Amino acid sequence: MAAQVSFSVESPRGSGTVSVESERMGDGEPLLLLHGIGHHWQAWQPVLEILAAEREVIAVDLPGFGASPALPDDFAYDLATVVPVLGALCEALDLDRPHVAGNSLGGLLALEMGRGKLARSVTALSPAGFWTESERRYAFGTLLAMRQGAESMPLSMIEWLSRSPAGRAALTSTIYARPGRRSPEAVVAETLALRGATGFRRTLAAGRQVLFQDDVPGLPVTIAWGTRDRLLLRRQGVRAKRAVPAARLVRLPGCGHVPMSDDPALVARVLLDGSR
């Protein structure tokens, strides 16, 4: 069962209390899972049981997403604020430098946690921050369109669309290569999560200046990219490998931007291998 933990955090703009929702299961070395912008911890559900057979898995709703409340009003959603929040979360959950894996925004945060010595290994699936300016504008424009679509549709329309493979494709094909594999319930839930994400616009605004160019030395790093990623194009993986030359770069054949449901067995294997 998901549970919420609250803890105090110091930020560049002051101190405050942050609350984070998380799902925790399994045994073994801890593996912290971070979702992408507009999503929630349930994005990892297709791989949770596989991972939990070998790891203690902690899947979290980032602040301002899913069931986690927004950051305090005077907190920014930039890396300088959110990464220390995640470090404080690890302390609150009694996690001593967990393995960290993330997708999209979560992949960028995982890499930053690795640079800050807050992780013992990093696995990043289509991480943000390796774009050109035109690629960033395209991705942000697409995300804004998805958000506006989710905001404009009544719940009855979202539920109706989710009942057919074509409707699920209309709602989620930007991020999934195989949207028909998502259940109607999952598609409704993630569309509502996108619509209700209180941290969405401030996170997007903070990301305009993000460009990941520094190495992540001293720990194992895996960077994986879906061959059918339509949001962050797979050529960005080559740039990621140049920035982090010791990283293992992995192709995810037939997978989209959020690959966990496109090929759960493959993604779980990449995560387990990356956290060995």
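Described below are features of the structure shown in this document.

Criteria and thresholds
Residue indices follow the written sequence of each chain, beginning from 1 at its first position. At least 70 in pLDDT is required for a residue's local features to be given in this predicted model, at least 80 for side-chain atom pairs to be given and counted, and no such filter applies to totals for whole chains, interfaces and linings, which use all residues. Where side-chain values are given, they derive from all heavy atoms of the structure, hydrogens and water being excluded. Starting at the N terminus, helices and strands are each numbered in turn, a helix being any DSSP run of H or I of at least four residues and a strand any DSSP run of E of at least two. In this description, contact between two residues means that some pair of their heavy atoms is separated by no more than 4.5 Å. We call two strands paired when DSSP finds no fewer than two bridges between them. Axis lines are fitted to C-alpha atoms, over the contacting stretch for helices. Their N-to-C directions set the angle, which ranges from 0 to 180 degrees. Pairs of N or O atoms are called polar contacts if they sit within 3.5 Å, as long as, within protein, a hydrogen donor faces a hydrogen acceptor (for residues adjacent in sequence, only side-chain-to-side-chain pairs). Multiply 1.5 Å by the residue count of a helix minus one, and that product is the helix's expected span. Exposure classes here rest on a 1.4 Å probe applied to the protein chains alone. A residue is buried below 20% of its type maximum, exposed above 50%, and partly exposed in between. In this description, one arc is meant: the one made by directions from the helix axis to the C-beta atoms.

1. Some thoughts on the environment of Leu 105
Next up, step 1: Note that Leu 105 resides in helix H3 (residues 105–115).
Next up, step 2: Residues Leu 105 and Glu 29, 76 residues apart in the sequence, show an inter-C-alpha distance of 23 Å.
Next up, step 3: In this structure, Leu 105 is in contact with His 35, Gly 36, Ile 37, Leu 62, Ala 128 and Thr 203, ignoring residues within four places of it in sequence.

2. Focus on the sheet that holds strand S5 (residues 99–103)
Next up, step 1: Spatially, the eight strands line up as an open sheet ordered S1-S2-S4-S3-S5-S6-S7-S8, and their pairing is mixed. At either end of the open sheet lies a strand with only one pairing partner, and these are strand S1 (3–11) and strand S8 (248–252). When strand polarity is set aside, the average angle formed by the axes of neighbouring strands in this sheet is 25 degrees.
Next up, step 2: With four bridges joining them, strand S6 (residues 121–125) and strand S7 (residues 221–226) adopt parallel strand pairing. Counterpart to Val 122 in the pairing with S7 is Val 221.
Next up, step 3: Running at roughly 155 degrees to strand S4 (residues 55–60), helix H1 (residues 45–52) makes contact with strand S2 (14–25), strand S3 (29–34) and S4 of the sheet.
Next up, step 4: In the packing of helix H2 (residues 79–92) onto the sheet, contacts are made with S1, S2, S3 and S4, and the angle to S1 comes to roughly 130 degrees.

3. Thoughts on the side chain of Arg 147
Next up, step 1: Relative to the assigned elements, Arg 147 resides in helix H4 (residues 133–152).
Next up, step 2: At a separation of 3.0 Å, a polar atom in the side chain of Arg 147 contacts the main-chain carbonyl oxygen of Ala 197.
Next up, step 3: Once you skip the residues sitting within four places of it in the chain, Arg 147 turns out to touch Leu 194, Arg 195, Gly 196, Ala 197, Phe 200 and Arg 201.

4. A few points about H4
Next up, step 1: Between its first and last C-alpha, H4 extends 28 Å over 20 residues, near the 28 Å set by a 1.5 Å rise per residue.
Next up, step 2: Among the residues making up H4, those that are buried are Glu 135, Arg 136, Ala 139, Phe 140, Thr 142, Leu 143, Met 146, Arg 147 and Ala 150. Angular distribution of buried residues about the axis of H4 spans 155 degrees; they occupy a single face of the element.
Next up, step 3: Each element contacted by the buried residues of H4 is listed here: helix H5 (155–162), helix H7 (184–196), helix H8 (200–206) and helix H9 (236–243).

5. Notes on the environment of Ala 52
Next up, step 1: Within the secondary structure layout, Ala 52 lies in helix H1.
Next up, step 2: For Ala 52, a relative accessible area of 14% corresponds to the buried category.
Next up, step 3: Spatially, the C-alpha atoms of Ala 52 and Pro 30 are 9.6 Å apart, while their sequence positions differ by 22 residues.
Next up, step 4: The residues contacting Ala 52, other than those within four sequence positions of it, are Met 25, Gly 26, Asp 27 and Val 57.

Read these as layout, nothing more, since geometry by itself doesn't imply function.
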